[in-house]
Amino acid sequence: VQLQASGGGLVQAGGSLKLSCAASGPTVTTSSMAWFRQAPGKEREFVGRIRSSEVTIPVKGRFTISRDNGKSTLNLQMNRLRPEDTGIYYCAAGFHGGDETLRSAWGYWGQGTQVTVSS
């Protein structure tokens, strides 16, 4: 399984970014996918996940997770960004059970894309 994240960049507070993660590999491995982020000096934290068409996303109202029609690309639309959203955003696949909000629950990771929100 290969995951390639893109779309990060520098944006002012209040702005928007759309991240994408192109996935290749067995469908069963990518049926559930997730976004995590890691701020400098902090642990990697769960942003949200999609399983088939079901979405779980704690950052309600600002972030939206979706897939493209072919389900090979995972998207994260981020609106009304805040400086505290700054970090490296990673996509993950290969959920193997347990608490999906934990890094250890996912077997495959993309390389990450940097998001910087200036105040």
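Calculation rules
- Residues numbered from 1 in each chain as written.
- Predicted model: local features only at pLDDT ≥ 70, side-chain atom pairs only at ≥ 80, totals over all residues.
- Heavy atoms only, no water.
- Helix = DSSP H or I, 4+ residues; strand = E, 2+ residues; numbered from the N terminus.
- Buried < 20%, exposed > 50% of the residue type's maximum accessible area, 1.4 Å probe, protein only.
- Contact = heavy atoms within 4.5 Å.
- Polar contact = N/O pair within 3.5 Å; in protein donor to acceptor, adjacent residues only side chain to side chain.
- Pairing = 2+ DSSP bridges.
- Axes fitted to C-alpha atoms, helices over the stretch in contact; angles between N-to-C directions.
- Core = buried A, V, L, I, M, F, W, Y, C linked by side-chain atoms within 4.5 Å.
- Phe/Tyr/Trp six-rings, centres within 6.5 Å; stacked < 30°, edge-to-face > 60°.
- Lys NZ or Arg CZ within 6 Å of the ring centre and 35° of its normal.

**What about the environment of Trp109?**
Phase 1 of the analysis: Positionally, Trp109 belongs in strand 10 (residues 106–109).
Phase 2 of the analysis: By relative accessible area, which is 26% here, Trp109 ends up partly exposed.
Phase 3 of the analysis: Along the primary structure Trp109 and Val1 are separated by 108 residues, whereas in three dimensions their C-alpha atoms are 8.9 Å apart.
Phase 4 of the analysis: Apart from residues lying up to four places away in sequence, Trp109 is in contact with Leu3, Phe36, Arg44, Tyr90, Cys91, Ala92 and Arg103.
Phase 5 of the analysis: Among the polar contacts made by the side chain of Trp109, one reaches the main-chain carbonyl oxygen of Trp106 at a distance of 3.4 Å.

**So, the sheet that holds strand 8 (residues 73–78)**
Phase 1 of the analysis: Taken together, the 4 strands give an open sheet; going across it, the order is 1-3-8-7, and neighbouring strands pair in antiparallel fashion. Where the open sheet ends on each side, the last strands, each with one partner, are strand 1 (2–6) and strand 7 (63–67). Taking each pair of neighbouring strands and ignoring which way they run, the sheet shows an average axis angle of 15°.
Phase 2 of the analysis: As paired strands, strand 1 and strand 3 (residues 17–24) are joined by 5 bridges and run antiparallel to one another. Its bridge partner being in strand 3, Gln2 is matched across the sheet by Ser24.

**Description of the nonpolar core**
Phase 1 of the analysis: Met33, Trp35, Phe63, Leu74, Leu76, Met78 and Tyr89 are the most contacted members of the largest nonpolar core, which has 24 residues in total.
Phase 2 of the analysis: Among the elements of the structure, strand 1, strand 3, strand 4 (32–38), strand 5 (45–51), strand 7, strand 8, strand 9 (87–95) and strand 11 (113–118) are those that each provide at least two residues to this core.
Phase 3 of the analysis: Broken down by element, the residue count for this core peaks at 4 residues, all from strand 3.
Phase 4 of the analysis: When near neighbours in sequence (up to four residues on either side) are disregarded, Phe63 contacts Arg37, Val47, Ile57, Leu76, Gln77, Met78, Asn79, Leu81, Asp85 and Tyr89.

**Points about the packing of aromatic side chains**
Phase 1 of the analysis: Within this structure, the stated rule accounts for 4 aromatic pairs.
Phase 2 of the analysis: Aromatic pair Phe36 and Phe46: ring centres 5.6 Å apart, planes at 75°, arrangement edge-to-face. Taken as a pair, Phe36 in strand 4 and Phe46 in strand 5 lie far apart in primary sequence, 10 residues in all.
Phase 3 of the analysis: On the accessibility criterion, Phe46 (12% relative accessible area) is buried.
Phase 4 of the analysis: Centre to centre, the rings of Tyr90 and Trp109 are 6.4 Å apart; their planes meet at 85°, and the pair counts as edge-to-face. Here the residue Tyr90 occupies a position in strand 9, and Trp109 occupies one in strand 10, the gap between them amounting to 19 residues.
Phase 5 of the analysis: The class of Tyr90 is buried, set by a relative accessible area of 11%.
Phase 6 of the analysis: One aromatic cluster is present, built from ring pairs that chain together Phe36, Phe46, Tyr90 and Trp109.
Phase 7 of the analysis: Across the ring face of Trp109, the terminal group of Arg44 is positioned such that the distance to the ring centre comes to 4.9 Å.

**Some remarks on the environment of Thr113**
Phase 1 of the analysis: Relative to the helices and strands, Thr113 resides in strand 11.
Phase 2 of the analysis: Thr113 gets classed as buried once you look at its relative accessible area, which sits at 9%.
Phase 3 of the analysis: If we skip the residues at most four places from it in the chain, Thr113 touches Ala5, Ser6, Gly7, Gly8, Leu19, Gly87, Ile88 and Tyr89.
Phase 4 of the analysis: A polar contact is formed between the side chain of Thr113 and the backbone nitrogen of Gly8, at a distance of 3.0 Å.

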